[in-house]
Amino acid sequence: MNVKTSKNLTYQKFPTLPDGSDVYSSPVKSIIEKFDFSDVKLVLYFKNRYIAEIRAKNLEGQRELNLVAKKLKDFIGKPYEEILNFDF
């Protein structure tokens, strides 16, 4: 399962500023600092102060999101692009 190809997850292609402005950051330059996880969404916080969300569309998406969240600790310090392309 890959975040980009999953039919059960939605994700932000580009991290944005938390103030809601439409200022985007490159997924390659956004390095993960920490994250918050709930049953239906995963919020990623990056060192450049940008954020991105990955959301579950359905019950199967919740299972996939849980799998991503369990392995996300290994991605601290890595770019957002790696998470989107990783085979979970």
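In this report, we go over the structure that sits alongside the text. (Residues numbered from 1 in each chain as written. Predicted model: local features only at pLDDT ≥ 70, side-chain atom pairs only at ≥ 80, totals over all residues. Heavy atoms only, no water.)

Examining the overall build of the protein
Part 1: When you go through the protein residue by residue, the secondary structure sums to two helices and four strands.
Part 2: Computed over its C-alpha atoms, the radius of gyration of the protein comes to 12 Å, within 12% of the 12 Å expected for a compact globule of 88 residues.
Part 3: Expressed as a percentage of contacts within the protein between residues at least 6 apart in sequence, the contacts between residues at least 24 apart total 59%.
Part 4: Put simply, the protein shows about 5300 Å² of open surface, and 50% of that area lies on carbon and sulfur atoms.
Part 5: Taking the 15 positively charged and 12 negatively charged side chains of the protein as two groups, their mean positions are separated by 1 Å. (Helix = DSSP H or I, 4+ residues; strand = E, 2+ residues; numbered from the N terminus. Rg over C-alpha atoms; globule rule 2.2 N^0.38 Å. Contact = heavy atoms within 4.5 Å. Areas by Shrake-Rupley, 256 points an atom, 1.4 Å probe, with all protein chains shown as cover. Lys, Arg positive; Asp, Glu negative; His and termini not counted. Charge placed at Lys NZ, Arg CZ, Asp CG, Glu CD.)

Quick notes on unusual backbone geometry
Part 1: With phi around 75 degrees, Arg49 is a residue other than glycine that occupies positive phi space.
Part 2: Along the chain, the position of Arg49 falls in the loop between strand S3 (41–46) and strand S4 (51–56).

A few points about the packing of aromatic side chains
Two aromatic rings are characterised by how far apart their centres lie and by the angle between their planes.
Part 1: Under the defined criterion, the tally for this structure stands at five aromatic pairs.
Part 2: Judged by centre distance (5.9 Å) and plane angle (45 degrees), the rings of Phe75 and Phe88 are tilted. Linking Phe75 in the loop between helix H1 (59–71) and helix H2 (80–85) with Phe88 in the segment after H2, this pair joins segments that are 13 residues apart in sequence.
Part 3: Through a chain of ring-to-ring contacts, the aromatic side chains of Phe75, Phe86 and Phe88 assemble into a single cluster.
Part 4: The ring centre of Tyr45 lies 5.2 Å from the NZ or CZ of Lys34, which sits over that ring.
Part 5: When the ring centre of Phe75 is taken as reference, the NZ or CZ atom of Lys78 above it lies at 5.8 Å. (Phe/Tyr/Trp six-rings, centres within 6.5 Å; stacked < 30°, edge-to-face > 60°. Lys NZ or Arg CZ within 6 Å of the ring centre and 35° of its normal.)

Remarks on H1
Part 1: End to end, H1 covers 19 Å across 13 residues, agreeing with the expected 18 Å (1.5 Å per residue, within 8%).
Part 2: Listing the buried residues of H1 in full gives Gly61, Glu64, Leu65, Val68 and Ala69. In a view along the axis of H1, the buried residues occupy a sector of 140 degrees, so they form one face of it. Of the residues in H1, the exposed ones pointing more than 90 degrees away from the buried face are Leu59, Arg63 and Lys70.
Part 3: On its buried side, H1 packs onto strand S1 (9–11), strand S2 (32–37), S3 and S4.
Part 4: The opening residue of H1 is Asn58, an N-cap whose side-chain oxygen sits 3.2 Å from the backbone nitrogen of Glu60. (Expected span 1.5 Å × (residues − 1). Buried < 20%, exposed > 50% of the residue type's maximum accessible area, 1.4 Å probe, protein only. Arc of directions from axis to C-beta. Polar contact = N/O pair within 3.5 Å; in protein donor to acceptor, adjacent residues only side chain to side chain.)

Remarks on the sheet that holds S4
Part 1: The strand order across the open sheet built from four strands is S1-S4-S3-S2, with neighbouring strands paired in antiparallel fashion. Bordering the open sheet on either side are S1 and S2, each of which pairs with just one other strand. Shown here is a sheet whose adjacent strand axes are inclined to one another by a mean of 15 degrees, direction ignored.
Part 2: Where S1 meets S4, three bridges bridge the pair, whose relative direction is antiparallel. Residue pairing for S4: Tyr11 is matched across the bridge by Ile54. (Pairing = 2+ DSSP bridges. Axes fitted to C-alpha atoms, helices over the stretch in contact; angles between N-to-C directions.)

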